[in-house]
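Given next are the chains, with one letter for each unit.
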Amino acid sequence: MRKKIAIYGSSSAISCELVKLCGGELDVINYSHSNHGDKWFDALDVSIESLVTSVDLTCEFYVFNLGLLRPKGILDQTTEEINESLSVNLIYIVKATEYIIERNSKAKIFVFGSESGKKGSFDTVYFLAKAALRAYVFERKLKSPDQQLVLFSPSTIEDAGMTLRRKDKGNLEYIKSMHPKNRFLKSLEFARIVYSFIVNDFSYITNTEIEVNGGKFARM
Ligand SMILES: NC(=O)c1ccc[n+]([C@@H]2O[C@H](COP(=O)([O-])OP(=O)(O)OC[C@H]3O[C@@H](n4cnc5c(N)ncnc54)[C@H](OP(=O)(O)O)[C@@H]3O)[C@@H](O)[C@H]2O)c1
């Protein structure tokens, strides 16, 4: 029987690449907030009832590719914006992961973080959510030897939505010129790294972060 993978956040360019890579090997269920996928869900609804309808416990793989980055700091964000950001970037993912860990002994859960969880961001709420996600992945003990929980944290992805929507193009060009690779990461390149964890049994790599930043934090 073919294994199943649930991908949350299917409009993201990374998810689109991942779906293409997985298509031949796995049955893919796309969960989307924007009618881009097979099943609709809203990460703003963190109720247990929402999880019951949006989490298929027969999947072996779960990819949480959710993110909400605002072009402004915490002082300029409304209470509603801050709460939305915390739900999408953190609480929905953590609650869904808790739900899966308790009920699916084979689950391999891959969560997308960001270099911002380590270095900060102009959007303080996004930074705090990604930093908390990182702490959660490091510390959440799994319930079965077959389970896996990994955080994949990319730096800037040139052709993904969050970068394409940025207005500070000059700043981005400057960051790119200073990068050791002289280029940004690509969605397909990042999706391939995640996919390698799906087609290979790397389950001893768990409760840790795979940093995909091209060496930009090397200090000497
Ligand atoms: N782009 C970068 O340079 C970069 C750098 C570091 C980390 N990342 C991380 O990589 C991931 C993808 O980034 P991206 O650039 O591809 O972003 P994106 O195109 O903006 O995609 C974000 C995803 O979040 C989902 N989402 C937002 N609000 C939601 C809600 N209320 N309910 C359910 N889903 C919701 C969207 O789902 P649907 O539209 O499908 O519903 C969308 O697929 C994020 O975790 C981001 O933090 C990106």
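Basis of the calculations
Numbers given for residues are sequential positions, taken from 1 along each chain in its written order. With pLDDT at 70 or above as the cut-off, local features in this predicted model cover only qualifying residues; side-chain atom pairs require 80 or more to be listed or tallied, and sums for whole chains, interfaces and linings still use all residues. Hydrogens are left out, water is left out, and the side-chain values use all remaining heavy atoms of the structure. Numbered from the N terminus, helices here are DSSP runs of H or I no shorter than four residues, and strands are runs of E no shorter than two. Radius of gyration here is computed from C-alpha atoms only, and the compact-globule reference equals 2.2 Å multiplied by the residue count raised to the power 0.38. A 1.4 Å probe rolled over the protein chains alone gives each residue an accessible area, and that area as a share of the maximum for its type sets the label: buried under 20%, exposed over 50%, partly exposed in between. For every accessible area listed, the method is Shrake-Rupley and the probe measures 1.4 Å; residues are considered covered only by the protein chains on display. Salt bridge, as applied in this entry: a Lys or Arg side-chain nitrogen positioned within 4 Å of an Asp or Glu carboxyl oxygen. Take the buried Ala, Val, Leu, Ile, Met, Phe, Trp, Tyr and Cys residues and link them wherever side-chain atoms come within 4.5 Å; each set so joined is a nonpolar core. The contact criterion used is simple: two residues touch if any of their non-hydrogen atoms lie within 4.5 Å. We call a residue near a molecule or strand as soon as one heavy atom of that residue lies within 4 Å of the molecule or strand. The definition of a polar contact used here is a pair of N or O atoms within 3.5 Å, where within protein one atom must be able to donate a hydrogen and the other to accept one, and adjacent residues in sequence count solely through side-chain atom pairs. Note on definitions: the grid is 1 Å and covers protein atoms alone; a cavity is a set of points where a 1.4 Å probe fits but cannot get out; a pocket is an open set with protein on both sides within 12 Å along at least five of seven lines; lining residues have an atom within 4 Å of a point. Cavities and pockets are treated as containing a molecule whenever more than half of the molecule's atoms lie within 2 Å of their grid points. Between any two strands, pairing holds if DSSP finds at least two bridges. Here an axis means a line fitted to C-alpha atoms, over the contact stretch when the element is a helix, while the angle between two N-to-C directions is reported on a 0 to 180 degree scale. Stacked, edge-to-face and tilted are the three classes for Phe, Tyr and Trp ring pairs, Trp counted by its six-membered ring, which pair at centre distances within 6.5 Å; planes under 30 degrees apart are stacked, over 60 edge-to-face, the rest tilted.

1. Here's the deal with the overall build of the chain
Okay, so step 1: In terms of regular secondary structure, the chain is built from 8 helices and 7 strands.
Okay, so step 2: For the chain, the C-alpha radius of gyration of 17 Å lies close to 17 Å, the compact-globule estimate for 220 residues.
Okay, so step 3: Seen through its C-alpha atoms, the chain measures out along the principal axes to roughly 50 × 40 × 35 Å.
Okay, so step 4: Burial analysis of the chain (220 residues in total) assigns 46% to the buried set.
Okay, so step 5: Summed over all atoms, the accessible surface of the chain reaches about 11,200 Å², with 55% contributed by carbon and sulfur.

2. Looking at the pattern of salt bridges
Where charged atoms from two side chains of opposite charge approach closely, those side chains can pair.
Okay, so step 1: A complete count under the given rule lists 19 salt bridges for this structure.
Okay, so step 2: Arg140 is the salt-bridge partner of Glu98, the closest N and O atoms lying 2.8 Å from each other. Of this pair, Glu98 sits in helix α3 (residues 79-103) while Arg140 sits in the loop between α5 (124-139) and β6 (148-154), and the two are 42 residues apart along the sequence.
Okay, so step 3: By relative accessible area, which is 27% here, Glu98 ends up partly exposed.
Okay, so step 4: The salt bridge partner of Asp168 is Arg166, with a shortest N-O separation of 2.8 Å.
Okay, so step 5: Judged by its relative accessible area of 19%, Arg166 is buried.
Okay, so step 6: In the salt-bridge network here, residues are joined through shared partners; they are Glu98, Glu102, Arg140 and Lys143.

3. Considerations on the nonpolar core
Okay, so step 1: Core analysis: the biggest nonpolar cluster contains 30 residues, and Tyr8, Tyr62, Phe64, Tyr92 and Ile109 have the highest contact counts within it.
Okay, so step 2: Elements represented by at least two residues in this core include exactly β1 (4-8), β2 (27-32), β4 (61-64), α3, β5 (108-112), α5 and β6.
Okay, so step 3: Here the element with the most residues in this core is α3; it accounts for 9 residues.
Okay, so step 4: With residues near it in sequence (within four places) discarded, Tyr8 still touches Tyr31, Phe41, Ser54, Val55, Asp56, Tyr62, Val63, Phe64, Asn65, Leu66 and Tyr92.

4. Focus: the site of the ligand
Okay, so step 1: The immediate surroundings of the ligand are formed by 30 residues, with Ser11, Ser12, His33, Tyr126 and Arg165 found nearest.
Okay, so step 2: In this structure, Tyr126 approaches the ligand through a side-chain N or O atom, which is 2.6 Å from an oxygen atom.
Okay, so step 3: Take Arg165: an N or O atom from its side chain is 2.6 Å from an oxygen atom of the ligand.
Okay, so step 4: When each cavity is represented as a set of grid points, the ligand is found to reside in the largest pocket.
Okay, so step 5: Of all elements in the fold, only α5 and α6 (161-164) reach the threshold of two or more residues within the shell around the ligand.
Okay, so step 6: Among the elements that make up the shell around the ligand, the one with the highest residue count is α6 (3 residues).

5. Notes on the sheet that holds β5
Pairing between the strands of a sheet comes from backbone hydrogen bonds, and it takes one of two forms, parallel or antiparallel.
Okay, so step 1: Read from one edge to the other, the open sheet built from 7 strands follows the order β3-β2-β1-β4-β5-β6-β7, with strand pairing classed as parallel. What marks the edges here is a single partner per strand, and that holds for β3 (39-40) and β7 (208-212).
Okay, so step 2: Both β1 and β2 contribute to a ladder of 5 bridges, which runs parallel. Bridging from a neighbouring strand, Ala6 pairs with Ile29 of β2.
Okay, so step 3: Sheet contacts for α5: β5, β6 and β7; angle to β6, the most-contacted strand, approximately 150 degrees.
Okay, so step 4: Where helix α8 (residues 187-199) meets the sheet, its contacts fall on β1, β4, β5, β6 and β7, and the angle it forms with β6 comes to roughly 170 degrees.

6. Focus on the packing of aromatic side chains
Okay, so step 1: Within the structure shown, the criterion is met by 12 aromatic pairs.
Okay, so step 2: Their ring planes at 85 degrees and their centres at 5.3 Å tell us that Tyr8 and Phe41 sit as a pair that is edge-to-face. With a gap of 33 residues between them, Tyr8 in strand β1 and Phe41 in the loop between β3 and α2 (48-54) connect regions that are remote in the sequence. Across the pair, Phe41 and Tyr8 agree in class, each one buried.
Okay, so step 3: Their ring planes at 15 degrees and their centres at 4.6 Å tell us that Tyr8 and Phe64 sit as a pair that is stacked. With Tyr8 in strand β1 and Phe64 in strand β4, this residue pair connects regions lying 56 residues apart in the sequence.

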